[in-house]
Amino acid sequence: MQLVLVRHAQPGRVLTTSGPADPELTELGVEQARRVPAVIARFAGGEHRIARVVSSPQRRARDTAAPTAEKLGLPVEVLDGLAEYDRDLPAYIPIEDAKRDFRATYDRIKAGHLPEQIDGPAFVARVLGTIADIVAAAEPADTVVAFAHGGVINVLLQDVLGLQRPLTFPIDYCSITRVLFSRSGTRTAATVNENSHVWELLPRNLPVD
Ligand SMILES: O=C(O)[C@H](O)COP(=O)(O)O
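Residues numbered from 1 in each chain as written. Predicted model: local features only at pLDDT ≥ 70, side-chain atom pairs only at ≥ 80, totals over all residues. Heavy atoms only, no water.

- As named in an unreviewed UniProt entry, the protein is Phosphoglycerate mutase, taken from Nocardia kruczakiae.

Rendered as structure tokens:
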């Protein structure tokens, strides 16, 4: 089966809140999310079918999933285990803002490490367990589309590729990463961070005023 992982679109910045930060998409994020359905629909055809659309419970992932699920005529199945490592934190700073305003946090992520306050092994076990359940429930010709997060996608890639650090890859908003699971148990990272469908909508590629 093929697992197509889509990182959520750009969310807003939430700095102070009484509970966990759960930002909505920005206008740019909504536009990015609209680019996803046409790309995903190409994975259906022949004996291949898109069997499920699953999502992290966080709003930025669910709202990114919505246009794709609508185009496919499938529900968005929320899976708690696909939540990002930051789900209980009271702040969300988009990575392009962190680069400017929270340099130490940004540098730590870019060096491949989860934030200090995160229980890394518990996060990895929760994500890998959830993905193992998705794979076990799928038929060999199925594609499952999972809307998730940079950390979730990275720790799966770490496991599949045997990498040392949890956060090796820059995973762009609405980019697509595909992992193949064979009947015999072989796992293959087919593509990582495919982003041409949103290239000019990525913050670093926007026109400079
Ligand atoms: O890149 C980030 O901002 C962090 O890894 C948080 O993950 P997310 O933005 O993909 O939820």
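Continuing now.
**Quick word on the pattern of salt bridges**
Then, number 1: Scanning the model with the defined rule gives 14 salt bridges in all.
Then, number 2: Among the ionic pairs, glutamate 200 bridges to arginine 35, the shortest N-O distance being 2.9 Å. Placement of glutamate 200 in the segment after strand E6 (187-194) and of arginine 35 in the loop between helix H1 (27-34) and helix H2 (36-41) is noted, with a sequence separation of 165 residues between them.
Then, number 3: A relative accessible area of 27% places arginine 35 in the partly exposed class.
Then, number 4: Each of the salt bridges in this network shares a partner with another, and the network as a whole consists of Arg13, Asp97, Arg100 and Asp101. (Salt bridge = Lys/Arg side-chain N within 4 Å of Asp/Glu carboxyl O. Helix = DSSP H or I, 4+ residues; strand = E, 2+ residues; numbered from the N terminus. Buried < 20%, exposed > 50% of the residue type's maximum accessible area, 1.4 Å probe, protein only.)

**Some points on the side chain of serine 55**
Then, number 1: Mapped onto the elements of the fold, serine 55 is located in strand E2 (residues 49-55).
Then, number 2: With residues up to four places along the chain from it excluded, the contact list for serine 55 reads Ala61, Arg62, Ala65, Val76, Glu77, Val78, Leu79, Leu82 and Phe147. (Contact = heavy atoms within 4.5 Å.)

**Things to note about the site of the ligand**
Then, number 1: In the vicinity of the ligand, the contacting residues are Arg7, His8, Arg60, Glu84, Tyr85, Tyr92, Ile95, His149 and Gly150.
Then, number 2: The side chain of histidine 8 places a nitrogen or oxygen atom 3.0 Å from an oxygen atom of the ligand.
Then, number 3: In the environment of the ligand, an oxygen atom lies 2.8 Å from a nitrogen or oxygen atom belonging to the side chain of histidine 149.
Then, number 4: In isolation the ligand offers 300 Å² of accessible surface; the protein chains occlude 92% of this area.
Then, number 5: For the ligand, the cavity whose grid points lie within 2 Å of the majority of its atoms is the largest pocket.
Then, number 6: Partitioning the shell around the ligand into residue classes produces three nonpolar, three polar and three charged. (Near = heavy atom within 4 Å. Polar contact = N/O pair within 3.5 Å; in protein donor to acceptor, adjacent residues only side chain to side chain. Areas by Shrake-Rupley, 256 points an atom, 1.4 Å probe, with all protein chains shown as cover. 1 Å grid on protein atoms, 1.4 Å probe; cavity = no way out; pocket = protein on both sides within 12 Å on 5 of 7 lines; lining within 4 Å. Sits in = over half its atoms within 2 Å of the grid points. Nonpolar A, V, L, I, M, F, W, Y, C, P; charged D, E, K, R; others polar.)

**Details of the packing of aromatic side chains**
Then, number 1: Applying the stated criterion to the full structure yields one aromatic pair.
Then, number 2: Taking the centre distance of 5.6 Å and the plane angle of 85° together, the rings of tyrosine 85 and phenylalanine 123 count as edge-to-face. Separated by 38 residues along the polypeptide, tyrosine 85 in the loop between strand E3 (76-78) and helix H4 (95-101) and phenylalanine 123 in helix H6 (residues 120-136) bring together distant segments of the chain.
Then, number 3: You can call tyrosine 85 buried: its relative accessible area is 16%.
Then, number 4: A relative accessible area of 4% places phenylalanine 123 in the buried class. (Phe/Tyr/Trp six-rings, centres within 6.5 Å; stacked < 30°, edge-to-face > 60°.)

**Here's the deal with the layout of surface pockets**
Take a probe with the size of a water molecule and roll it over the atoms, and the empty space left behind shows itself.
Then, number 1: Quantified by volume, the largest pocket comes out at close to 1000 Å³.
Then, number 2: For the lining of the largest pocket, the secondary structure elements donating two or more residues are H4, helix H5 (103-110) and helix H7 (150-161).
Then, number 3: Considering only residue class, the lining of the largest pocket consists of 20 nonpolar, eight polar and nine charged.
Then, number 4: Counted as a void, the second largest pocket has a volume near 180 Å³.
Then, number 5: Lining the second largest pocket are 13 residues, with Met1, Gln2, His48, Pro140 and Ala141 sitting closest to its centre.
Then, number 6: For the lining of the second largest pocket, the elements supplying multiple residues, two or more each, are strand E4 (142-148) and strand E5 (176-181).
Then, number 7: Split by residue class, the lining of the second largest pocket holds six nonpolar, four polar and three charged. (Points joined across faces, edges and corners; volume = space filled by probe spheres on them.)

**Focus: the environment of isoleucine 40**
Then, number 1: Positionally, isoleucine 40 belongs in helix H2.
Then, number 2: For the pair isoleucine 40 and arginine 165, spaced 125 residues apart in sequence, the C-alpha separation works out to 29 Å.
Then, number 3: Beyond its immediate sequence surroundings of up to four residues, isoleucine 40 is in contact with Val4, Val6, Ile50, Thr68, Leu72, Val145 and Ile176.

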